[in-house]
Amino acid sequence: MRLGDLNHIDPFRRHYACSSPNSRRANLKSAKKMQTQTNSYGQLLPDQVDRISSLFDAHLDLLADVRELYRDRAVLEREYAVKLQQLAKKASEKKNKNALLLVVGDNPTKGCTESAHLSNNSTLNHAYSEILSSMSTSAQDHINLAEALTSQVTERLKAVERRNDDYKKKQTQFYHKIVAGRDKIYAERIKASKQKYDADCAEVQIYRQKQSGHVHDRHAERSARQYDQQKLDMLNSKNAYIISTATANSVKMKFYTEDLPSLEDFFQELQTRLVMDFVAVVTEAQSIQMSHQDVLKDSLATVSAALIKVQPDKDQALFIDSNVRPFSIPDDWVFEPCSNHYDTGDICIDPAPKVFLQNKLVRARAKLRELNPALEQKRTDVEKYRGLVAAYATDNTIGDAGDAMNSYLDTAHEVTSLSTSACVLNSEINTIADVLGGDEGGSSPHAFKSSAFSIPTTCGYCKVSIWGLSKQGKTCKGCGLSVHSKCELKVPAECGNAYRASEILQSPSSALSRSESRSPVSNSRESPMPSTSMPPNTSPHAEESNRLALVIFGFAASSSFELNVTEGAVVRVLEEDDGSGWVKVADSDGEKGLVPATYLEDAGGRPFGTTAPSQQNSQQASGVYVRALYDYQAQELEELTIHEGDFVELSSGAKGGQNYAEGWWEGFSRDRKKGIFPSNYVELA
């Protein structure tokens, strides 16, 4: 390869193609210097050519393994490059499709050409483009790496392997040649010299015997000549044998002291060259990969620089500039009179509607007083979480920025919801207050609470029966007034004044009220309504008793209206469960809020609603009996089912028998079950 041809090769391949010969010469010089400083195979490993040859084969096998390793690595690099190119192409197509949507939105006010130009100014879009460009460039770099590994590593290792395999074969053939030459000389000593000498010695012995047998006959002279000739041949054979022995010894000495050591040293030198060539090629492979990594680092550095330049405020300004359009707040709604009834848009302040407005004003102000502290607390929490998000984003070792962001968003959403509620309440208050002009009604508003009525009850306002299965109406905790839910805001704020319990047709009953009556069995009399007066321990006033309760399960508040309580704590009950499953309590610090009713027990260890011990254990049979006038079916656990004609023994004590509650007596049935029943369903026996 000419130096000029390297200009068409990528930078890191050109660099190593130029520097490799110097590296190989330096490695070879180092190997020779090392070899002169160490003992050779010929000196320390006499007559071990086979073992040295096996070692050389092992080195060749290692070379082949490494060559296959880099060959497979090149294949993987090509496969990875192809997949990376496909991934980058797919992402680029998707980016080009959604580029305008990312920068200027789905419906910008500017034209497509101007919007496309603006998209190029987006720092985020530019950073993403650099990421995709880096990915495409990286794919090409991996292809270049695969080509470099193939041409400069795999092919060179294959050439080194082939060349050294030829060297090994040549040395092996030469080894077999000198061994054959040595063995030939050894064979000549045995076959040509030793055997001829032995045969001549035998012939001499034969002629000696013949000469002894012809001493006195006419063949004596000829026998003597033959003997002398044979002896001369024997002596020549002996000399030849001795010479061949000396020659064989010389050849043997040369073989073991010169030929074999020289051959083993040649193997050692070839092995050294093989190893150093291998090291040079593998070193170049490492250099190629390091250069590849440098190219990748440069590409990643370009992407990092683009990411550092991302400016959300600049991109947001670009989006704003591309989407500015005229806007005005929608017109206010106005009163629209009914098509079949003429009316004006003024709020009616006649006496009855004014009461409704006054009550609505009181309720709105009460809700606003309860809402404002919670709203301020949530706003404080928003600022706290905002600071935590900023701090955790700067140093993630002090906390999880993700958790802080979730808390920040949740609290901000609560602030929005609460502030909307406050806006609604303020609007109601201002609108109603402007109309009333200071006439805000009585100073004693009713404290209504949802109630369920299990017996017929008349509304104290409209005088119509309250019907339904659950929470059909409201009951004032102060005066006991029961009304429909729709009538709640129509009642003047004169608790205990304008409405007295004696003026109500039927007294209300709360969720603990007694069940409705059944029709009597007898046709001669019509069964009366059971009294709806509430026992002392179950009347609405009992909710103000502030009894103590034990928390049996810890509860974490999820809104500003709830209260955090811990297991084992003792709380004061402010409002009993109205059927919603929640109880309003106050803790030892004076904090108030709602907790689940099932999370509490009476402080004495009894579940919610359990009758006090004084009422359970102090009441015994009195010996006074009453007779049932009508059938009555118990609707609650503490009630007693009676039938017309049954005798019931009244219980004793200050809270038993006829003293249990107004309209309700307590007694024992024939099976000694204790319970309460309407007093107007029985008569003294």
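As a packed pair, helix α8 (residues 351-394) and helix α9 (residues 401-436) sit with axes 6 Å apart at the nearest point and diverge in direction by 155 degrees. Taken together, the axes of α8 and α9 are roughly antiparallel relative to one another. Crossing geometry of α8 relative to α9 is assigned as left-handed. A class-by-class count of the residues in the contact of α8 with α9 yields 26 nonpolar, 6 polar and 10 charged.

What follows concerns the layout of surface pockets. In this structure, the largest pocket occupies an estimated 1,600 Å³ of space. Surrounding the largest pocket, 48 residues form its lining, K367, E370, F561, E575 and K584 being those nearest its centre. Put simply, the parts of the chain that give the lining of the largest pocket at least two residues each are α8, α9, β1 (448-451), β8 (582-586) and β9 (592-596). Here the element with the most residues in the lining of the largest pocket is α8; it accounts for 13 residues. Across the lining of the largest pocket, the residue classes break down as 20 nonpolar, 11 polar and 17 charged.

In terms of nonpolar packing, the biggest core is built from 20 residues, with Y70, L149, V153 and L157 touching the most fellow members. For this core, the secondary-structure elements that each account for two or more residues are α3 (49-104), α5 (123-213) and α6 (220-308). With residues up to four places along the chain from it excluded, the contact list for L157 reads L63, V66, R67, F278 and V281. Judged by nonpolar contacts, the second largest core, of 18 residues, contains L371, Y392, V415 and I429.

The subject of this paragraph is the sheet that holds strand β13 (residues 664-668). Pairing in this open sheet of 5 strands is antiparallel, and the strands run β14-β13-β12-β11-β15 from one edge to the other. On the outer flanks of this sheet lie β14 (674-678) and β15 (682-684), each paired with one strand and no other. Averaged over all pairs of adjacent strands, the angle between strand axes in this sheet comes to 50 degrees, irrespective of strand direction. Relative to β13, strand β12 (residues 647-651) runs antiparallel, the two sharing 2 bridges. Residue pairing in the sheet places L650 in a bridge with G667 of β13.

A word on the side chain of K378. Mapped onto the fold, K378 is located in helix α8. When residues no more than four places from it in sequence are discounted, the contact partners of K378 are T411, E414, V415 and L418.

Here the focus is the pairing of strand β7 (residues 570-575). Judged from the 3 bridges that link them, strand β6 (residues 548-551) and β7 form a sheet pairing that is antiparallel. Within the sheet, the bridge partner assigned to A549 lies in β7 and is V571.

Tracing the backbone shows Q140 in helix α5. Distance in space between the C-alpha atoms of Q140 and R78 is 9.2 Å, their sequence separation being 62 residues.

The next subject is the sheet that holds β9. The antiparallel open sheet is built from 5 strands, whose spatial order is β9-β8-β7-β6-β10. Edge positions in the sheet fall to β9 and β10 (600-602), since each of these pairs with one other strand and no more. Pairs of neighbouring strands in the sheet enclose a mean axial angle of 50 degrees, with direction left out of account. As defined by bridge partners, β6 adjoins β10 across 3 bridges and the pair is classed as antiparallel. Across the sheet, residue A549 finds its bridge partner in β10, namely D602.

Moving on to the confidence of the model for the protein chain. Looking at the protein chain as a whole, the pLDDT averages 79, with 80% of positions reaching at least 70. Note that residues 1-19 has pLDDT below 50 and, in this model, 27 contacts with residues that lie over four places away or in other chains. Counting contacts from residues 529-545, a segment whose pLDDT is below 50, to residues more than four positions away or on other chains yields 53 contacts.

Together, Y128, I131 and L307 line one region of the surface with nonpolar side chains, adding up to about 230 Å² of accessible area. Mapped onto the secondary structure, L307 falls in helix α6. Residue class for L307 comes out partly exposed when judged on its relative accessible area of 44%.

Time to look at the packing of α3 against α6. Two numbers describe how α3 lies on α6: the axes approach to 10 Å, and their chain directions differ by 15 degrees. Between α3 and α6, the crossing angle belongs to the class labelled roughly parallel. When the axes of α3 and α6 are compared, the crossing they make is left-handed. Here the contact of α3 with α6 is built from residues that sort into 17 nonpolar, 5 polar and 2 charged.

What follows deals with the pattern of salt bridges. For the structure shown, the criterion picks out 19 salt bridges. Residue R71 pairs with D72 through a salt bridge whose shortest N-O separation is 3.5 Å. A relative accessible area of 39% places R71 in the partly exposed class. Among the ionic pairs, D165 bridges to K169, the shortest N-O distance being 3.5 Å. One end of the pair, D165, and the other, K169, are both in helix α5, 4 residues apart, so they sit about a helical turn from each other.

Of note, D47 is a non-glycine position whose phi angle comes to about 55 degrees, a positive value. Using a relative accessible area of 43% as the deciding quantity, one classes D47 as partly exposed. Phi at K463 takes a positive value of approximately 65 degrees, unusual for a residue other than glycine. For K463, the location among the structural elements is in the loop between β2 (457-458) and β3 (465-466). With a relative accessible area of 44%, K463 lands in the partly exposed category.

The subject of this paragraph is the environment of V424. Within the secondary structure, V424 is located in helix α9. Counting along the chain gives 56 residues from V424 to L368, while the straight-line C-alpha distance between them is 9.6 Å.

Criteria and cut-off values
Every residue gets a number counted from 1 within its own chain, in the order that chain's sequence is written. Residues qualify for local features only when their pLDDT is at least 70, as the model is predicted, and side-chain atom pairs are given and counted only at 80 or more; totals for whole chains, interfaces and linings, by contrast, use all residues. With hydrogens and water excluded, all non-hydrogen atoms of the structure serve as input to the side-chain values. Lines fitted to the C-alpha atoms define the axes, with helices restricted to the stretch that makes contact. Angles between their N-to-C directions range from 0 to 180 degrees. Here a strand is any run of E in DSSP of at least two residues, a helix any run of H or I of at least four, and the numbering for each starts at the N terminus. When an angle is under 35 degrees it counts as roughly parallel; over 145 it counts as roughly antiparallel; between 65 and 115 it counts as roughly perpendicular; any other value is oblique. Here is the rule for handedness: rotate from the far helix to the near one, and if that takes an anticlockwise turn smaller than a right angle the crossing is left-handed, while a clockwise turn gives right-handed. Under the convention adopted here, Pro, Cys and the residues Ala, Val, Leu, Ile, Met, Phe, Trp and Tyr are nonpolar, Asp, Glu, Lys and Arg are charged, and Gly plus all remaining residues are polar. Cavities and pockets are found on a 1 Å grid laid over the protein atoms alone: a cavity is a set of points where a 1.4 Å probe fits but cannot escape, a pocket is an open set with protein on both sides within 12 Å along at least five of seven lines, and a lining residue has an atom within 4 Å of such a point. Grid points are joined across faces, edges and corners, and a volume is the space filled by probe spheres set on the points. Side-chain atoms within 4.5 Å link the members of a nonpolar core, which is a set of buried Ala, Val, Leu, Ile, Met, Phe, Trp, Tyr and Cys residues. Burial classes: relative accessible area under 20% of the type maximum marks a residue as buried, over 50% as exposed, and values in between as partly exposed (1.4 Å probe, protein chains only). The contact criterion used is simple: two residues touch if any of their non-hydrogen atoms lie within 4.5 Å. When DSSP finds at least two bridges between two strands, those strands are taken to pair. Confidence per residue, as judged by the predictor, is encoded in pLDDT with a range of 0 to 100. Here a patch means residues that are over 30% exposed by relative accessible area and free of salt bridges, tied together within 9 Å if like-charged and within 5 Å if nonpolar (Val, Leu, Ile, Met, Phe, Trp, Tyr). Computed with the Shrake-Rupley method and a 1.4 Å probe, the accessible areas treat only the protein chains shown as cover for residues. Salt bridges are counted wherever a side-chain nitrogen of Lys or Arg sits within 4 Å of a carboxyl oxygen of Asp or Glu.

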